[in-house]
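A structural walkthrough
Next come the chains, spelled out residue by residue.
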Amino acid sequence: MEIIVLETYHEISQVAAEIVVRSMQQTEKIVLGLATGSTPVGLYQELVARYKKNEVDFSNAVTFNLDEYVGLEPEHPQSYNSFMEQHLFGEINVPIKQQYIPPSNISNLKEIDRFCLWYEEEIQRHGGIDLQILGIGVDGHIGFNESSSSLQSRTRLTTLARSTIEANAKFFDRQIDVVPKMSITMGVGTIMEAKRCILLANGENKAKAVANAIEGPITASVPASALQMHPNTTILLDASAAKNLKHLEYYKWVYQNKRELETQM
Ligand code: PGA
């Protein structure tokens, strides 16, 4: 894992955007895995700004979102469909037929199962995810893969953890009772097949989950810890999210050396 610790949220968002843009420049057609929540907002703002300056073109990009709540109308302001429209899709030029995101309004179990299989098949049909953006939950989840998710799990219906419902109540006027309790999420195994992952985390409330994911044992109790086995993952942390890391100085030193090498080249 490459672990990059920078001072601020703004800086990690900028570096993440740079990785996305460079990856897009290296290929004709990129398949992006996208995340929602407060963490990627800064990254999306930067991508929108670069798009508006004609620095990046999304017309050949295909996007697969990680997850969506079950039981909300797609137009609900807190559905992830609405989130993506507001923060990214409404501002850039990914053609709508290349935007894949689970629907929030199917609740029939058979239909959900059929959808999940189809989603996995579509990811494969497009050649797999080239670059997956991830946040992390306070319990160490990625996507909505909560503690106990199999590290080989695939896209499926999941139940949100209490800590996730509490954390996400901030988007629902702090009304815990109206936060959906279930979701459709890509599995940990689905995420692990992405060619590259970038996980962003900021804020002190993520420090424990970040330390467990990076330095703890690989365990289904902390689904993000599976990334220790991923061959090409970059973890971008602000100073608060990194504060519980035992080997913080080493990670900073590695990054400093890499930067020096890059400036010499
Ligand atoms: P957040 O959520 O970005 O809103 O903190 C991250 C996550 O739950 O993965």
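Structure's up top.
Anyway, here's the lowdown on the structure attached to this text. (Residues numbered from 1 in each chain as written. Predicted model: local features only at pLDDT ≥ 70, side-chain atom pairs only at ≥ 80, totals over all residues. Heavy atoms only, no water.)

Attention now goes to the site of the ligand. What surrounds the ligand is the set Gly37, Ser38, Thr39, Gly135, Ile136, Gly137, His141, Lys170, Phe171 and Lys206. A distance of 3.5 Å is found between an oxygen atom of the ligand and a side-chain nitrogen or oxygen belonging to Lys170. Between the ligand and the protein, one listed contact pairs an oxygen atom with a side-chain N or O atom of Lys206 at 2.6 Å. Here the ligand, which alone exposes 280 Å², has 86% of that area covered by the protein. Tallied by class, the residues present in the shell around the ligand amount to two nonpolar, six polar and two charged. (Near = heavy atom within 4 Å. Polar contact = N/O pair within 3.5 Å; in protein donor to acceptor, adjacent residues only side chain to side chain. Areas by Shrake-Rupley, 256 points an atom, 1.4 Å probe, with all protein chains shown as cover. Nonpolar A, V, L, I, M, F, W, Y, C, P; charged D, E, K, R; others polar.)

Looking now at the pairing of strand β2 (residues 31-34). The alternating pattern of β2 places Val31 and Gly33 on one face and Leu32 and Leu34 on the opposite face, and all of these are buried. Summarising the sheet, β2 and strand β3 (residues 62-65) pair through four bridges and their orientation is parallel. Counted as the bridge partner of Leu32 is Thr63 from β3. As for the winding sense of the linkage, the β-α-β connection from β2 through helix α2 (residues 41-52) to β3 is right-handed. Note: β2 against strand β6 (residues 131-134), two bridges, orientation parallel. Of the residues in β6, the one forming a bridge with Leu32 is Leu131. (Buried < 20%, exposed > 50% of the residue type's maximum accessible area, 1.4 Å probe, protein only. Helix = DSSP H or I, 4+ residues; strand = E, 2+ residues; numbered from the N terminus. Pairing = 2+ DSSP bridges. Right-handed = clockwise from strand over helix to strand, strands pointing away.)

A separate point is the sheet that holds strand β7 (residues 156-159). Strand order in the open sheet formed by three strands is β4-β8-β7, and the pairing between neighbours is antiparallel. Each having just a single partner strand, β4 (67-70) and β7 make up the two edges of the open sheet. Strand after strand, the sheet turns through a mean of 30° between neighbouring axes, direction not considered. Where β7 and strand β8 (residues 182-185) come together, four bridges link them in antiparallel fashion. (Axes fitted to C-alpha atoms, helices over the stretch in contact; angles between N-to-C directions.)

As enumerated under the stated definition, the model contains 14 salt bridges in all. With a shortest N-O distance of 2.5 Å, Lys258 and Glu2 are connected by a salt bridge. With Lys258 in helix α8 (residues 248-264) and Glu2 in strand β1 (residues 2-6), the pair connects residues that are 256 residues apart, well separated along the chain. Judged by relative accessible area, Lys258 falls into the partly exposed class, the value being 35%. Ionic pairing is found between Glu91 and Lys52, a salt bridge with its closest N-O pair at 2.6 Å. One end of the pair, Glu91, is in the loop between α3 (80-89) and β5 (99-100); the other, Lys52, is in helix α2, with 39 residues separating them in the sequence. Classification of Glu91 by relative accessible area gives partly exposed; the value is 31%. Within the structure, one salt-bridge network assembled from shared partners comprises Glu2, Arg196, Lys258 and Glu262. (Salt bridge = Lys/Arg side-chain N within 4 Å of Asp/Glu carboxyl O.)

As for its position among the elements, Ala220 is in the loop between α7 (207-215) and β10 (233-238). On the accessibility criterion, Ala220 (26% relative accessible area) is partly exposed. For the pair formed by Ala220 and Asn145, sequence separation is 75 residues and the distance between their alpha carbons is 9.2 Å. When residues no more than four places from it in sequence are discounted, the contact partners of Ala220 are Glu146, Ser147, Ser148, Ser149 and Leu151. (Contact = heavy atoms within 4.5 Å.)

Before going further, it helps to examine the sheet that holds β5. Backbone hydrogen bonds are what pair the strands of a sheet, in a parallel or an antiparallel way. Read across the sheet, seven strands follow the order β1-β10-β9-β6-β2-β3-β5 without closing on themselves; strand pairing throughout is parallel. Each edge of the open sheet is held by one strand with a lone partner, namely β1 and β5.

We now examine the packing of α2 against α3. For the pair α2 and α3, the least separation of the axes is 9 Å and the interaxial angle reads 45°. It follows that α2 is oblique to α3 by the angle criterion. Packed against α2, whose contacting residues are Val41, Tyr44, Leu47 and Val48, the element α3 presents Phe83, Met84, His87 and Leu88 at the interface. Broken down by class, the residue content of the contact of α2 with α3 amounts to seven nonpolar, one polar and no charged. (Parallel < 35°, antiparallel > 145°, perpendicular 65-115°, else oblique.)

Turning our attention to the state of the cysteines. Per the stated rule, a full pass over the model turns up zero disulfides. Cys116 provides the cysteine sulfur closest to Cys197, a residue in no disulfide bond, and the two sulfurs are 19 Å apart. (Disulfide = S-S within 2.5 Å.)

Before going further, it helps to spend a moment on the nonpolar core. Membership of the largest hydrophobic core comes to 85 residues, with the highest contact counts inside it found for Leu43, Leu47, Phe64, Leu88, Leu199, Leu237 and Leu245. Ranked by the residues each element gives to this core, the list is headed by helix α1 (residues 9-25), at seven residues. In this structure Leu237 touches Ile3, Ile4, Val5, Leu6, Ile12, Ala201, Val210, Ile214, Ala242 and Leu245, once residues within four positions along its chain are discounted. (Core = buried A, V, L, I, M, F, W, Y, C linked by side-chain atoms within 4.5 Å.)

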